[in-house]
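So you can see what is in the structure, the chains are spelled out below.
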Amino acid sequence: LPDVSVGFIGLERDEKTAQAREYYRKLPDIFSSHVVLVIDPMLATGGSMDDTLSAVKQKSASRIIAVSVVSAPEGIKRVADHHPGVPIITAAIDSHLNDRAYIVPGLGDFGDRYFGT
């Protein structure tokens, strides 16, 4: 898709609080006529997706779709509650979050797997 614009919001999870900290943001121009896909491999607590959806809405996006590979019911609920007009597409809904806010059974830490850390 050579004509598709791509943006990136870098978020890093604080292991003590399970809250995401933004360390990078680069978004293209977004117009209300655009369809924006917000893609996050894992939708766990929903915090990162919630923050990212808010950011693209601030850029005038009105047609947004949230996409994840693996989701937890807690994250789906948060996104649905905070962004009711945004459909969520996910490949799998796992059971729940554990006491460390990881998806069970999940994939482990996706960021660690992706970045080899």
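Located above this text is the structure these notes cover.
Quick reminder: α-helices carry 3.6 residues per turn. Residues three or four places apart thus point the same way. For helix H1 (residues 47–58), with 12 residues, the first-to-last C-alpha span of 17 Å sits near the 16 Å given by 1.5 Å per residue. Burial in H1 covers these residues: Gly47, Met49, Asp50, Thr52, Leu53, Ala55 and Val56. Elements in contact with the buried residues of H1: strand E1 (8–13), strand E2 (20–26), strand E3 (35–39), strand E4 (42–43), strand E5 (63–71) and helix H2 (73–82). Looking one or two places after H1, you find Ser60, whose phi comes out positive at around 85°.

On to the packing of aromatic side chains, then. In the structure shown here, the tally under the stated rule is 1 aromatic pair. When the ring of Phe8 is compared with that of Tyr24, the centres are 6.0 Å apart and the planes differ by 45°; the resulting orientation is tilted. Of this pair, Phe8 sits in strand E1 while Tyr24 sits in strand E2, placing them 16 residues apart in sequence. For Phe8, a relative accessible area of 43% gives the class partly exposed. Above the face of the Tyr102 ring, Arg13 is positioned so that its terminal group lies 4.3 Å from the ring centre.

Here Ser33 lies in the loop between E2 and E3. When the C-alpha atoms of Ser33 and His83 are compared, they prove to be 18 Å apart, with 50 residues separating the residues in sequence.

Across 5 bridges, E5 lies against strand E6 (residues 88–93) in parallel orientation. Residue pairing in the sheet places Val70 in a bridge with Ala92 of E6. Since E5 and E6 lie parallel, the crossover through H2 that links them has a hand, and here it is right-handed.

With that settled, consider a nonpolar patch on the surface. On the surface, Phe8, Tyr23, Tyr24, Leu107, Phe110, Tyr114 and Phe115 cluster together to form a nonpolar patch covering roughly 750 Å² of accessible area. Of all the elements in the fold, those that place two or more residues in the nonpolar patch are E2 and helix H3 (110–115). A relative accessible area of 40% means that Tyr24 is categorised as partly exposed.

To continue, consider the nonpolar core. One finds Ile30, Val36, Val38, Leu43, Met49, Leu53, Val56, Ala61, Ile64, Ala66, Val79 and Val86 forming the largest nonpolar core, which totals 12 residues. Among the elements that line this core, the one with the most residues is H1, at 3 residues. Residues within four places of Ile30 in sequence aside, it is in contact with Val36, Val56, Lys59, Ser60 and Ala61. Formed by 6 residues, the second largest nonpolar core is a distinct cluster that contains Val70, Ala72, Leu97 and Ile103.

It is worth spelling out unusual backbone geometry at this point. The linkage connecting Val104 with the following residue, Pro105, adopts the cis geometry, with an omega of 0°. Inspection of the secondary structure assignment puts Pro105 in the loop between strand E8 (103–104) and H3. Phi is positive for Ala18, close to 65°, though the residue is something other than glycine. Within the chain, Ala101 stands out as a residue other than glycine whose phi angle is a positive 65°.

Criteria and thresholds
Residues numbered from 1 in each chain as written. Predicted model: local features only at pLDDT ≥ 70, side-chain atom pairs only at ≥ 80, totals over all residues. Heavy atoms only, no water. Helix = DSSP H or I, 4+ residues; strand = E, 2+ residues; numbered from the N terminus. Expected span 1.5 Å × (residues − 1). Buried < 20%, exposed > 50% of the residue type's maximum accessible area, 1.4 Å probe, protein only. Contact = heavy atoms within 4.5 Å. Phe/Tyr/Trp six-rings, centres within 6.5 Å; stacked < 30°, edge-to-face > 60°. Lys NZ or Arg CZ within 6 Å of the ring centre and 35° of its normal. Pairing = 2+ DSSP bridges. Right-handed = clockwise from strand over helix to strand, strands pointing away. Patch = residues over 30% accessible without salt bridge, like charges linked within 9 Å, V, L, I, M, F, W, Y side chains within 5 Å. Areas by Shrake-Rupley, 256 points an atom, 1.4 Å probe, with all protein chains shown as cover. Salt bridge = Lys/Arg side-chain N within 4 Å of Asp/Glu carboxyl O. Core = buried A, V, L, I, M, F, W, Y, C linked by side-chain atoms within 4.5 Å.

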